[in-house]
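Letter by letter, the chains look like this.
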Amino acid sequence: MPKDADSDKPDKTAPTTGKALRDSLEVLNRNLAEGLRTADRLQHDASRLVEESARLAAELVEQRREMGRLHDRLHRAEGRRAVREEELRRAYETAERADRAKARFLTAASHDLRQPIQAAALYAHILRGAVDANPAAREAADLLQASIDSLSGMLSGLLDLARLEAGAVDVSVTEFRPDALMRHLAQEFRESAATEGTSLHVHPCGVAVRTDARLLARILTHLLSNAIRHGGGDGRRVLLGCRRRPAALEFQVWDDGRGIPPDARAAIFEEFHQLDNPERSAAKGFGLGLPLVARMARLLGLALDLRSEVGRGTVFTVTVPRATLPHDPDRRLTAAARAIAAAATSAAAAATTSPTERMKGRRVLLVEDDERVRHAMTMLLKRWGVRVTAVGSAEELADRLPRLRSRPHVVLADHRLPRGQTGRTVAELVRRRWDVPVIIITGDTAPERLREARSIGCRLLHKPVEPGDLAATLDEVMER
């Protein structure tokens, strides 16, 4: 058969191939269109990413700038904090220096102001003893003594108040029975109460307490003085007593005077405030007693209470924690036996000679740098019949000691002496040669003075020393 025999027949595969091509083109077009759309989306997304990146970059730059600003502020704040810390450190150092300066001032004022008062008190006592035969001179001497006592009382009150405000008062809490303290206060205030026309009654209760005995004594002293001055008179009564409570003892000072109005009960604890002293008479005090009582009670953590009724009287109550101590032997005595023993003791004391009579012919070594006090003390001791060797410093004492032929019966030494020497220096100098009792006299009321004196076996007296207290102390240490 010839090759082209079937050439005129139709090709059945052509339409199929064309359709396939068309289908392929359509798919390709669709894919291309989808690819274009995807490309558009990708381009759009890329544009968004570029914009977001630019925004983030801008934010990052701004954040870096803000961090820079914060760092600058922090640096400045650190600088201000350092400045404040430096200011606080300087303020603290200034406050410490002020406290030290205040303490030095109080010590110096206590000593330097008491010195002339001590000399004046001794001269006044000598003067009173020399003018007994002259009523007018005796009255003048009594007025002089009263003025000195008032000045001394005001100075002591002001210095005590300043020490309490400065936190310069040490507290030494012990357990003790306050009966002897209460009896001593009764003896101390009996004469002043009688002068005011007031009867004073004291009732101890034999219960031990736990507190600072010295500060408690000062609290009760101020309360008694206040009651006698302002609540007594005209045959009225003042009572110091105590009430037992389960864990405490209440010390109470009663008077049956005019009483205190309700609107004045807070003001009486303010400095220099007095209800019945518009003329500011020194004989009625200076308005420092009750403020001192309030501060000392607060320092000791003691409750202070006031009850009063106008026209009927007042009672101050100080509540002190109780303590447990073994029974003293004389606690087992009956009341009658104690009364007999007390009467016998009083009779025996009355029958003995006075301290000044027993001191006649005794020898006293006096070390006092203040010439006025040294001269007045020497005059007083010689009036009592005492032989006195007086020097003005520890150096002078060291020079005189080898030349002293007779052992002194007692040494009287001021605490503060020139060139930093003290009463302790005097005690050590004298005791290298003799075992002699030493009495240190000081205007410094700081508790460490008492502890120091006790540590070296010395007695301590505070200026201004009353002649009677001086005589009693000299007599006591000489007898030992």
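Since the structure is predicted, the reported quantities are computational estimates derived from the model, not experimental observations.

About the thresholds
- Residues numbered from 1 in each chain as written.
- Predicted model: local features only at pLDDT ≥ 70, side-chain atom pairs only at ≥ 80, totals over all residues.
- Heavy atoms only, no water.
- Helix = DSSP H or I, 4+ residues; strand = E, 2+ residues; numbered from the N terminus.
- Buried < 20%, exposed > 50% of the residue type's maximum accessible area, 1.4 Å probe, protein only.
- Contact = heavy atoms within 4.5 Å.
- Areas by Shrake-Rupley, 256 points an atom, 1.4 Å probe, with all protein chains shown as cover.
- Pairing = 2+ DSSP bridges.
- Axes fitted to C-alpha atoms, helices over the stretch in contact; angles between N-to-C directions.
- pLDDT = per-residue confidence, 0-100.
- Polar contact = N/O pair within 3.5 Å; in protein donor to acceptor, adjacent residues only side chain to side chain.
- Salt bridge = Lys/Arg side-chain N within 4 Å of Asp/Glu carboxyl O.
- Patch = residues over 30% accessible without salt bridge, like charges linked within 9 Å, V, L, I, M, F, W, Y side chains within 5 Å.
- Core = buried A, V, L, I, M, F, W, Y, C linked by side-chain atoms within 4.5 Å.

Quick notes on the overall build of the protein
For step 1, the next point in the chain: The secondary structure content of the protein amounts to 12 helices and 12 strands.
For step 2, the next point in the chain: Each of the 480 residues in the protein was classed as buried or not, and the buried ones make up 36%.
For step 3, the next point in the chain: Of the contacts formed within the protein by residues at least 6 apart in sequence, a portion of 72% connects residues at least 24 apart.
For step 4, the next point in the chain: Split by element, the accessible area of the protein, about 28300 Å² in all, is 55% carbon and sulfur.

A few points about the pairing of strand S7 (residues 313–321)
Here is the key point about a regular strand: its side chains alternate between the two faces of the sheet.
For step 1, the next point in the chain: Counting buried positions over the 9 residues of S7 gives 7, a clear majority of the element.
For step 2, the next point in the chain: In this structure, strand S5 (residues 248–255) lies alongside S7, joined through 8 bridges in antiparallel fashion. The residue of S7 that forms the bridge with Ala-248 is Pro-321.
For step 3, the next point in the chain: Taken together, the 7 bridges between strand S6 (residues 303–309) and S7 define a ladder with antiparallel strand orientation. Bridge pairing in S7 links Arg-307 to Val-315.
For step 4, the next point in the chain: Between S6 and S7, which pair antiparallel one after the other, the connecting turn spans 3 residues, and Gly-311 there sits at a positive phi close to 90°.

Section: the sheet that holds S7
For step 1, the next point in the chain: Read across the open sheet, the 5 strands follow the order S2-S4-S5-S7-S6; overall the sheet is mixed. Lying at the two open borders of the sheet, with one neighbouring strand each, are strand S2 (199–203) and S6. Pairwise comparison of adjacent strand axes, ignoring direction, gives a mean angle of 15° for this sheet.
For step 2, the next point in the chain: Against the sheet, helix H4 (residues 213–230) touches S2, strand S4 (237–244), S5 and S7, its axis set at about 20° to S5.

Some details on the confidence of the model for the protein
For step 1, the next point in the chain: Across the protein, the average pLDDT comes to 78, with 77% of residues at or above 70.
For step 2, the next point in the chain: By mean pLDDT, helix H6 (residues 335–351) is the weakest element of the protein at 44, and strand S8 (residues 363–367) is the strongest at 94.
For step 3, the next point in the chain: This model gives residues 277–283 a pLDDT under 50, and the stretch forms 8 contacts once residues within four places in sequence are excluded.
For step 4, the next point in the chain: Counted against residues more than four places away or in other chains, residues 328–352, with its pLDDT under 50, gives 7 contacts.

Here we look at the environment of Arg-243
For step 1, the next point in the chain: One can find Arg-243 in strand S4.
For step 2, the next point in the chain: Since its relative accessible area comes to 40%, Arg-243 is described here as partly exposed.
For step 3, the next point in the chain: When residues no more than four places from it in sequence are discounted, the contact partners of Arg-243 are Ala-248, Leu-249, Glu-250, Gln-252 and Trp-254.
For step 4, the next point in the chain: Here Gln-252 takes part through its side chain, which lies 3.0 Å from a polar atom of the side chain of Arg-243.

Regarding the pattern of salt bridges
When the charged atoms of two side chains lie near each other, side chains of opposite charge can form a pair.
For step 1, the next point in the chain: Across all of its chains, the model carries 18 salt bridges by this definition.
For step 2, the next point in the chain: Here Asp-399 and Arg-403 are joined by a salt bridge, their closest N and O atoms 3.3 Å apart.
For step 3, the next point in the chain: Overall, the relative accessible area of 46% leaves Asp-399 in the partly exposed class.
For step 4, the next point in the chain: Arg-459 is the salt-bridge partner of Glu-476, the closest N and O atoms lying 3.2 Å from each other. Separated by 17 residues along the polypeptide, Glu-476 in helix H12 (residues 467–479) and Arg-459 in strand S12 (residues 459–462) bring together distant segments of the chain.

So, a nonpolar patch on the surface
For step 1, the next point in the chain: Together, Val-171, Val-173 and Leu-299 make up a nonpolar patch on the protein surface, roughly 210 Å² of accessible area in all.
For step 2, the next point in the chain: As for its position among the elements, Val-171 is in the loop between helix H2 (135–165) and strand S1 (174–176).
For step 3, the next point in the chain: According to the relative accessible area criterion, Val-171 is partly exposed, its value standing at 36%.

Comments concerning unusual backbone geometry
For step 1, the next point in the chain: If you check the backbone angles, Arg-419 has positive phi at about 60° while not being a glycine.
For step 2, the next point in the chain: Inspection of the secondary structure assignment puts Arg-419 in the loop between strand S10 (410–414) and helix H10 (423–431).
For step 3, the next point in the chain: According to the relative accessible area criterion, Arg-419 is exposed, its value standing at 62%.

A short note on the sheet that holds S10
For step 1, the next point in the chain: Spatially, 5 strands are ordered S9-S8-S10-S11-S12 in an open sheet, and the strand pairing comes out parallel. In the strand order of this sheet, the two ends are held by strand S9 (387–391) and S12, each with one partner. Strand after strand, the sheet turns through a mean of 20° between neighbouring axes, direction not considered.
For step 2, the next point in the chain: Examined bridge by bridge, S10 and strand S11 (residues 438–442) share 4 bridges and lie parallel to one another. Note on S11: the bridge partner recorded for Ala-413 is Ile-440.
For step 3, the next point in the chain: Against the sheet, helix H8 (residues 371–383) engages S8, S9, S10 and S11, with an angle of about 170° to S9.

Describing the environment of Thr-422
For step 1, the next point in the chain: Tracing the sequence through the fold places Thr-422 in the loop between S10 and H10.
For step 2, the next point in the chain: With 28 residues separating them along the chain, Thr-422 and Ala-394 place their C-alpha atoms 8.0 Å apart.
For step 3, the next point in the chain: The contacts of Thr-422, once residues within four sequence positions are left out, are Asp-414, His-415 and Leu-417.

Notes on the side chain of Ser-308
For step 1, the next point in the chain: Along the chain, the position of Ser-308 falls in strand S6.
For step 2, the next point in the chain: According to the relative accessible area criterion, Ser-308 is buried, its value standing at 15%.
For step 3, the next point in the chain: For Ser-308, the side chain forms a polar contact with the main-chain nitrogen of Ile-260, separated by 2.7 Å.
For step 4, the next point in the chain: Within the local environment of Ser-308, its side chain forms a polar contact with the side chain of Thr-314, the two groups lying 2.8 Å apart.

Structural notes on the nonpolar core
For step 1, the next point in the chain: One finds Ile-219, Leu-223, Leu-224, Leu-240 and Phe-251 to be the most contacted residues of the largest nonpolar core, which totals 41 residues.
For step 2, the next point in the chain: At the level of secondary structure, the elements contributing two or more residues to this core comprise helix H3 (179–195), S2, H4, S4, S5, helix H5 (289–300) and S7.
For step 3, the next point in the chain: Excluding residues within four positions of it along the chain, Ile-219 makes contact with Val-293, Met-296, Ala-297, Leu-300 and Val-318.
For step 4, the next point in the chain: Core analysis: the second largest hydrophobic core is formed by 23 residues, Val-388, Val-410, Ala-471 and Leu-474 among them.

Quick notes on H10
For step 1, the next point in the chain: Turning to H10, its buried residues are Gly-423, Thr-425, Val-426, Ala-427, Leu-429 and Val-430.
For step 2, the next point in the chain: In this structure, the buried side of H10 is in contact with S8, helix H9 (394–400), S10 and S11.

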